[in-house]
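Breakdown of the fold
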Amino acid sequence: MTDAVAANGWLGRLRPAEWQLALPLTLAFAAFFLAPLGLLAAVSVFDDDALTRAGFAQWAKFLGDPFYWSVVGDTLGLGLMTVAATALVGFPLALVFIEASPRWQRILLFVIVLPLLTSVVVRTFAWIVILGQEGVLNRAIVALGLSPAPVRLLQTEAGLVLALTQIEMPLMLLPLLGVMMRLDPALRDASEALGASRWRTLFRVTLPLSAPGLVSGCLLVFASSTTAFISQSVIGGNRLVYLPLVIWQQSLVVYNWPLAAVAALTLLVSVSACVVAISAFGRRIGGAPVGVPAHG
């Protein structure tokens, strides 16, 4: 009863002008997200390609085939590996950024944002040149004596994760830097003044307070990397099969729209479930530093 009264009180405080301002966004959300999602769900409950017989045969086909389950697992695993790689590389880069002078921070920020100004197709094909048999990375491996011959990097999961780490890095760094730049440096100074080493200060002060930005970056990277159809198709090739490729094949090659709709809904539900799990894990280990004073 109390919750209902509170909700009614909050809705009652909204003036008509605020409702009018929110109405266009609400209509756009319903028209461009909820309606297509409902249409996708409707298409998934047909048994035939012509959409004439209703039923759940396509759901049974998808859920009963171990191949599709392995594709779902591989897709989620790709997202988790990309998240781990971007977090391991991105957090040290964020530490370098906050310790840099304002002049270098502007330069570093330009470098961070620069990939977003370049088409993902261009960046993906650039990685083909880097990961190829005669690419820059293989030349370096052979020159350093790490391998007597070029190693296979294209159409491998390791090569795809490496490329996605660079492609998705801005999505990790921007929210992380947004939080870390607001941390009061006096907190680190106080920790070191109390006898904590730099490593202890890093893991007991800086990292927990940066957790909201780190979790936000992980969510963005996971959602983007699991649905990165261009990168998965161009770098992974046909050797690596992920859900976006299955959706494309079933919808535009085989023209089995009901099965494509089932795969799309499965991708949506599985990625959303992992996003919720990552968010809950982030709240559990870090919390939100709401009361942290801003720098300056």
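Residues numbered from 1 in each chain as written. Predicted model: local features only at pLDDT ≥ 70, side-chain atom pairs only at ≥ 80, totals over all residues. Heavy atoms only, no water.

Position of proline 185 among the secondary structure elements: in helix H9 (residues 185-193). Owing to a relative accessible area of 23%, proline 185 belongs among the partly exposed residues under this scheme. Through-space distance from the C-alpha of proline 185 to that of isoleucine 98 is 9.9 Å; in sequence the pair is 87 residues apart. (Helix = DSSP H or I, 4+ residues; strand = E, 2+ residues; numbered from the N terminus. Buried < 20%, exposed > 50% of the residue type's maximum accessible area, 1.4 Å probe, protein only.)

The next point concerns the packing of aromatic side chains. Scanning the entire structure with this criterion turns up 4 aromatic pairs. On the basis of an interplanar angle of 20° and a centroid distance of 6.2 Å, the ring pair of tryptophan 199 and phenylalanine 203 is categorised as stacked. Pair noted here: tryptophan 199 and phenylalanine 203 are both in helix H10 (residues 198-226), with a separation of 4 residues, about one helical turn. One aromatic cluster is present, formed by Phe62, Phe67 and Tyr68 through successive ring pairs. (Phe/Tyr/Trp six-rings, centres within 6.5 Å; stacked < 30°, edge-to-face > 60°.)

What follows deals with helix H4 (residues 66-99). With 34 residues, H4 extends 50 Å from end C-alpha to end C-alpha; this agrees with the ideal 50 Å at 1.5 Å per step. Residue aspartate 65 occupies the N-cap position of H4, its side-chain oxygen lying 2.9 Å from the main-chain nitrogen of phenylalanine 67. (Expected span 1.5 Å × (residues − 1). Polar contact = N/O pair within 3.5 Å; in protein donor to acceptor, adjacent residues only side chain to side chain.)

With the rule as written, the count across this model stands at 1 salt bridge. Close ionic contact of glutamate 134 with arginine 139 constitutes a salt bridge, the shortest N to O distance being 3.9 Å. Take glutamate 134 and arginine 139: they sit in the same class, and that class is exposed. (Salt bridge = Lys/Arg side-chain N within 4 Å of Asp/Glu carboxyl O.)

None of the figures reported here should be taken as evidence of function without further support.
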